[in-house]
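# Fold and geometry: a report
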Amino acid sequence: MSKQKVLITGGAGFLGSHLCDRFIKEGFHVVAMDNLLTGDIANIEHLMGHPDFEFQHHDVSKYVHVSGDLKYILHFASPASPIDYLKMPIQTMKVGSLGTLNCLGLAKDKGARMLIASTSEVYGDPLVHPQKEDYWGNVNPVGPRGVYDEAKRFQEALTMAYHTFHGLETRIVRIFNTFGPRMRLDDGRVLPAFISQALRGEDLTAFGDGSQTRSFTYVDDLVEGIYRLLLSDYAQPVNIGNPQEITINEFAEEIIRLTGSSSKISYNPLPKDDPKQRKPDITLAKEVLNWEPKYTRAEGLEPTLEYFKKKVLG
Ligand code: UDP
């Protein structure tokens, strides 16, 4: 019997490539699709030549076709770091809107179940803390982050419309700050920035006064949550994230300590609309998926540091 097929858009990206690994491990035939705008073939090089893996170099914002039966679609294509979507605002909006529409159309055609990668950014600069799925958010649609936040909000609305109007099987995961090997060194996010600065002995550039908070999830925990959500029968959005909250200042100190660096912290202006605090309420994920994170930040940072050491120090 031939294996069930799963399409993973953004398959050469940080999260997409980890999902490819997981679905290969689970015995699926994986089609990874990526236009390599922010993805990197190096992330999936180890899967090339695997009989159950294929790569399609394609922009999902354009018409999408996959031959044969399709069991699942996971739509993970998108620039995902603030500097990436500031540099590529139109592509970000296209992949969240047209890309999602193309995937939903394909899912409907194939009778596939579709899971979309949504984000804690749908909560914007939240006025409710921690963030629960029933919070509608505080997003500036015309601010610099609006292209990402609104594309993801539109993506959720479109996915729900296909679910209610066409009866399509859909799943929505709201992903909080996630880290691990295969993050891009230059994606501008705080973790790659701080680790590479610490390893090079440069100042760690905290934005604002560094009092803003984030809650960092190790990638393996996220992948487990996504896998459980996909297999569940729950169609409403679910937060997947580690509620261990930390200020950016504390995080900088932690990275300096873990790398044994002599770097100091310096302060740069806070980007516009930068959320002041972020922490997932994961009551729902615990209830419907029996999921909670297994890795502490320190445990996840170990393999992540190893990965970045090779990248930075060679
Ligand atoms: N940040 C920082 N220094 C950097 C990069 C980011 O202090 O070099 C801050 C940023 O302002 C934000 C937090 O770290 O408050 C997380 O930023 P990131 O870009 O990683 O993700 P976000 O959660 O904002 O999407």
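As shown above, the structure is provided for reference.
This section reports on the structure supplied with the text. Because the structure is predicted, anything quoted here is derived from the model rather than measured. (Residues numbered from 1 in each chain as written. Predicted model: local features only at pLDDT ≥ 70, side-chain atom pairs only at ≥ 80, totals over all residues. Heavy atoms only, no water.)

Phe23, Leu74 and Phe76 are the most contacted members of the largest nonpolar core, which has 58 residues in total. A per-element tally of this core places helix 6 (residues 219–231) first, with 7 residues. Apart from residues lying up to four places away in sequence, phenylalanine 23 is in contact with Val6, Ile8, Phe28, Val30, Tyr72, Leu74, Tyr227 and Leu230. In this structure, Leu7, Cys103, Leu158 and Tyr162 belong to the second largest nonpolar core, which totals 22 residues. (Core = buried A, V, L, I, M, F, W, Y, C linked by side-chain atoms within 4.5 Å. Buried < 20%, exposed > 50% of the residue type's maximum accessible area, 1.4 Å probe, protein only. Helix = DSSP H or I, 4+ residues; strand = E, 2+ residues; numbered from the N terminus. Contact = heavy atoms within 4.5 Å.)

What follows is about the sheet that holds strand 5 (residues 113–119). Judged by pairing direction, the sheet is parallel, and its 7 strands sit side by side in the order 3-2-1-4-5-6-11 without closing on themselves. Both outer strands of the open sheet, strand 3 (53–57) and strand 11 (238–240), are each paired with one neighbouring strand and no more. In this sheet, adjacent strand axes meet at a mean angle of 20° when their direction is disregarded. Across 6 bridges, the pairing between strand 5 and strand 6 (residues 170–175) is parallel. If you follow isoleucine 116 over to strand 6, its bridge partner there is isoleucine 172. Packed on one face of the sheet, helix 4 (residues 146–166) meets strand 4 (72–75), strand 5 and strand 6 and runs near 155° to strand 5. Sheet contacts for helix 6: strand 4, strand 5, strand 6 and strand 11; angle to strand 6, the most-contacted strand, approximately 160°. (Pairing = 2+ DSSP bridges. Axes fitted to C-alpha atoms, helices over the stretch in contact; angles between N-to-C directions.)

Two elements in contact, helix 3 (residues 89–110) and helix 4, have axes separated by 8 Å at closest approach and are oriented at 15°. Here helix 4 runs roughly parallel to helix 3, going by the angle between their axes. Considering how the two elements wind past one another, helix 3 and helix 4 form a crossing that is right-handed. Residues Pro89, Thr92, Met93, Gly96, Ser97, Thr100, Leu101, Leu104, Gly105 and Lys108 of helix 3 pack against Val147, Tyr148, Glu150, Ala151, Phe154, Gln155, Leu158, Thr159, Tyr162 and His166 of helix 4. Its residues assigned to classes, the contact of helix 3 with helix 4 comprises 10 nonpolar, 8 polar and 2 charged. (Parallel < 35°, antiparallel > 145°, perpendicular 65-115°, else oblique. Left-handed = near helix turned anticlockwise from the far one by under 90°. Nonpolar A, V, L, I, M, F, W, Y, C, P; charged D, E, K, R; others polar.)

The environment of the ligand is made up of 18 residues, and the closest members are Thr205, Phe207, Arg214, Asp274 and Arg278. Within the backbone of valine 190, a nitrogen or oxygen atom sits 2.8 Å from an oxygen atom of the ligand. Coverage of the ligand by the protein amounts to 95% of the 510 Å² it exposes when considered alone. Those elements that provide at least two residues to the shell around the ligand are helix 5 (190–200) and strand 8 (204–207). (Near = heavy atom within 4 Å. Polar contact = N/O pair within 3.5 Å; in protein donor to acceptor, adjacent residues only side chain to side chain. Areas by Shrake-Rupley, 256 points an atom, 1.4 Å probe, with all protein chains shown as cover.)

The subject of this paragraph is unusual backbone geometry. Of note, the bond from histidine 129 into proline 130 is cis; its omega dihedral lies within 30 degrees of zero at -10°. With respect to the element layout, proline 130 can be found in the loop between strand 5 and helix 4. You will see that arginine 182, though not glycine, has its phi angle at about 85°, which is positive. Residue position: arginine 182 is located in the loop between strand 7 (178–179) and helix 5. By relative accessible area, arginine 182 is classed as buried at 17%.

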